[in-house]
Amino acid sequence: MSAEQLPALVVVAPLVAAPVALLARRALPAWMVATAACGFSFVAALALAVQVTSGGAVSYALGSWPPPWGIEYRVDVLSAFVLVLVSGVATVVAPFAWASASAELERERLYLFYALYCLCVAGLLGMTATGDAFNLFVFMEIASLSSYVLIALGRDRRALLSAYQYLVLGTIGATFYVIGIGLLYLMTGTLNMADMAARLSDISSTRPVLAALAFITVGVSLKLALFPLHLWLPNAYTYAPSAVTAFLAATGTKVSVYVLLRFYFGVFGTRIVLEELPMSQILLALSVVAIVTASLVALWQADLKRLLAYSSIAQIGYITLGISMASREGLTAAVVHLFNHGITKGALFLLVGGVALRAGHAGFDRLQGLARTMPLTSLGIVIAGLSLIGTPGTAGFVSKWYLVLGAIEAGRWWLAAFIVATSLIAVAYIWRFVEAAYLAPLGGATPRAGEAPAAMLVPAWILVAASVWFGFDTSYSVQGAARAAALLLQ
Amino acid sequence: MTAAASHYSYWITVLLMVAGLYIVIARGNLVKKLIGLSIFQTSVYLLYIAPGKLIGGTPPILAEGFRLYSNPLPHVLILTAIVVGVATLALGLAIVVRIREAYGSIEEDEILAADRAAERRPAESR
């Protein structure tokens with residue numbers, strides 16, 4: 001394996017694994033191929049991360065066509081950071097999927113699940129690794145189409161309608177994105193992002209370019225579920241199979257945030273996005289509303305999975321809040337929260353998946369006294385919940401800390417107070433779980449079959465441990481994010 | 001010819017785009033929504049293809065006596081986009097078939113009503 005081919009290999013491994021899993025036609029070999037491919041991508045992403053930290057961005061010309069004519073894969077500090085998150089979560093969720101999907105899906109069709117899982121991973125990794133705007137659209141659709149099917153596989157019939165609604169909104173989002181790219185291509189004659197950025201500097205204030213910015217913003221915001229474009233998310237997360245929810249919640253929206261960052265700072269440039277257009281004010285307003293409303297709506301949910309889905313919308317609000325500051329601290333906070341929230345929410349959805357396996361679903365009526373029958377699962381949910389709140393000693397604290405720093409740096413004391421105050425709403429909705437699981441007497445509907453199988457508990461606890469680990473050792477997460485922020489603001 | 005008239009393809013693009021999007025939003029029938037979505041996507045094909053053509057331009061094959069060439073790249077991009085569009089439509093219709101099997105209807109309001117009714121008697125549908 002030669003080092004300069006890593007940017008392609010990281011994407012190609014799961015992409016090749018998908019048809020192999022399809023041809024295997026049996027669940028076990030398909031699962032082994034999928035897990036091996038995800039693991040390979042994770043190792044390759046780690047190697048890339050080491051390489052770009054010391055040696056700068058790595059470029060790979062696909063088919064040896066030199067950029068800007070050919071498709072370029074370009075991995076820099078930011079994309080390596082996201083690649084590690086996506087492939088890492090994919091590797092952790094794959095073993096979980098063996099136990100979880102086997103219980104939730106028909107056995108004869110299980111191999112299809114793993115083929116789709118590989119496709120989804122390949123799509124998300126491709127979106128991150130590519131340096132070509134149209135290639136990004138193709139990978140976006142690979143990831144989206146496979147995730148629509150994965151969501152539709154849920155046992156509840158409402159999964160079908162959620163998948164349909166996500167398909168319609170996701171396609172509108174992707175089409176808006178491709179309209180934006182079309183306008184940019186008309187103006188610049190190139191699809192390579194770096195080349196595009198260089199050519200845009202002279203014509204950045206022309207009307208087609210501003211229209212392109214608007215289309216791309218709306219399209220990508222639909223994909224990342226920015227308020228008020230989040231309507232597809234709660235149902236999709238609630239009714240999808242547990243492994244799918246955990247994987248998509250930890251990676252899908254995060255990669256879209258990456259695309260937004262890449263276009264705002266890497267293609268359009270800070271001058272047009274933040275000085276000529278009031279994008280930062282718009283993002284700030286939407287983020288604030290997203291955090292407040294989604295957190296409050298989360299409070300009233302009768303189902304823990306749905307509660308966490310709304311909490312995801314609020315947490316995405318914190319990420320876009322960091323982007324709206326457009327300062328070094330703000331962007332560091334956005335990128336580090338992208339990572340920290342990914343692992344935290346991944347851990348929570350994996351644990352809830354264990355509950356759903358034993359109880360059928362994660363409604364609060366099934367959680368009464370859960371700590372007595374599933375102590376490890378409940379403890380994990382509480383620890384990851386603390387990270388969601390932002391308690392010191394967890395990963396969530398680190399990202400909130402940088403957000404508050406960014407707000408103070410910008411002289412917005414009210415925003416710093418707002419960030420702390422809204423964390424209290426998170427305390428309230430995590431408290432609902434604590435109250436049900438620890439303080440309530442054992443309910444009649446609570447599962448009594450004991451803990452989830454180890455194959456599900458171990459991956460979940462790896463992510464729980466990671467969300468504590470990155471609260472103490474920030475050398476990877478914060479320094480990586482800080483380097484990425486510096487790169488974006490260059 | 002004025003700019004607005006000579007660039008008539010843009011007007012068609014905008015019309016298709018808005019009409020498609022309107023159908024997606026305004027119709028409650030799941031198949032009709034997908035038709036709207038397809039029209040919306042089709043408008044993008046035109047957005048890419050039309051500006052690639054130069055009046056008097058030939059296909060980009062080097063030959064004596066031809067100096068003006070049309071841009072072939074948009075065609076290639078849109079071939080990819082068409083494949084994506086077909087896949088999306090096929091998947092959307094497949095999901096609609098499954099929805100019809102599960103709910104016995106493809107009208108959005110009837111499906112949502114069925115869900116609400118099922119939520120009132122939570123025990124059986126779960």
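Residues numbered from 1 in each chain as written. Chains lettered and ligands numbered in written order. Predicted model: local features only at pLDDT ≥ 70, side-chain atom pairs only at ≥ 80, totals over all residues. Heavy atoms only, no water.

Observations concerning the overall build of chain A
- Of the regular secondary structure elements, chain A holds 20 helices and two strands.
- Relative to the 2.2 N^0.38 estimate, which gives 23 Å for 490 residues, the radius of gyration of chain A is 21 Å and therefore close to what a compact globule would have.
- Structurally, chain A occupies a C-alpha span of about 70 × 55 × 40 Å along its principal axes.
- Relative to its full complement of 490 residues, chain A shows a buried share of 65%.
- In chain A, 80% of the contacts between residues at least 6 apart in sequence involve partners at least 24 apart.
- Of the accessible surface of chain A, which amounts to about 15800 Å², a share of 67% is contributed by carbon and sulfur atoms.
- Charged side chains of chain A number 26 positive and 20 negative; the gap between the two group centres comes to 8 Å. (Helix = DSSP H or I, 4+ residues; strand = E, 2+ residues; numbered from the N terminus. Rg over C-alpha atoms; globule rule 2.2 N^0.38 Å. Buried < 20%, exposed > 50% of the residue type's maximum accessible area, 1.4 Å probe, protein only. Contact = heavy atoms within 4.5 Å. Areas by Shrake-Rupley, 256 points an atom, 1.4 Å probe, with all protein chains shown as cover. Lys, Arg positive; Asp, Glu negative; His and termini not counted. Charge placed at Lys NZ, Arg CZ, Asp CG, Glu CD.)

Let's talk about the interface of chain B and chain A
- At the interface, 40 residues of chain B touch 30 residues of chain A.
- Regarding the contact of chain B and chain A, the summed buried area is about 3200 Å², with carbon and sulfur atoms giving 75% of it.
- Connecting chain B to chain A are one salt bridge.
- When the shortest N-O distance is used, the salt bridge between B:Glu119 and A:Arg158 registers 2.9 Å.
- Applying the counting rule to chain B against chain A returns six residue pairs in polar contact (both at pLDDT 80 or more).
- For the side of chain B that touches chain A, the leading source of residues is helix α4 (residues 73-103) of chain B, giving 16 residues.
- Among the residues making up the side of chain B that touches chain A, the classes are represented as 28 nonpolar, six polar and six charged. (Buried area = accessible area lost by both parts, 1.4 Å probe. Salt bridge = Lys/Arg side-chain N within 4 Å of Asp/Glu carboxyl O. Polar contact = N/O pair within 3.5 Å; in protein donor to acceptor, adjacent residues only side chain to side chain. Nonpolar A, V, L, I, M, F, W, Y, C, P; charged D, E, K, R; others polar.)

Re empty space enclosed by the protein
- Considering all chains together, one arrives at four cavities of 30 Å³ or more under this definition.
- Empty space within the largest cavity amounts to approximately 140 Å³.
- A:Leu124, A:Ser144, A:Tyr166, A:Gly252 and A:Ser256 are the residues nearest the centre of the largest cavity, which is lined by 14 residues in total.
- Listed by contribution, the elements that provide at least two residues to the lining of the largest cavity are α4 (110-129), α5 (133-152) and α10 (242-268) of chain A.
- Considering only residue class, the lining of the largest cavity consists of eight nonpolar, five polar and one charged.
- As a volume, the second largest cavity reaches approximately 80 Å³.
- Within the residue set of the lining of the second largest cavity, elements represented by two or more residues are α5 and α6 (158-188) of chain A together with α3 (30-52) and α4 of chain B.
- The class makeup of the residues in the lining of the second largest cavity is six nonpolar, three polar and one charged. (1 Å grid on protein atoms, 1.4 Å probe; cavity = no way out; pocket = protein on both sides within 12 Å on 5 of 7 lines; lining within 4 Å. Points joined across faces, edges and corners; volume = space filled by probe spheres on them.)

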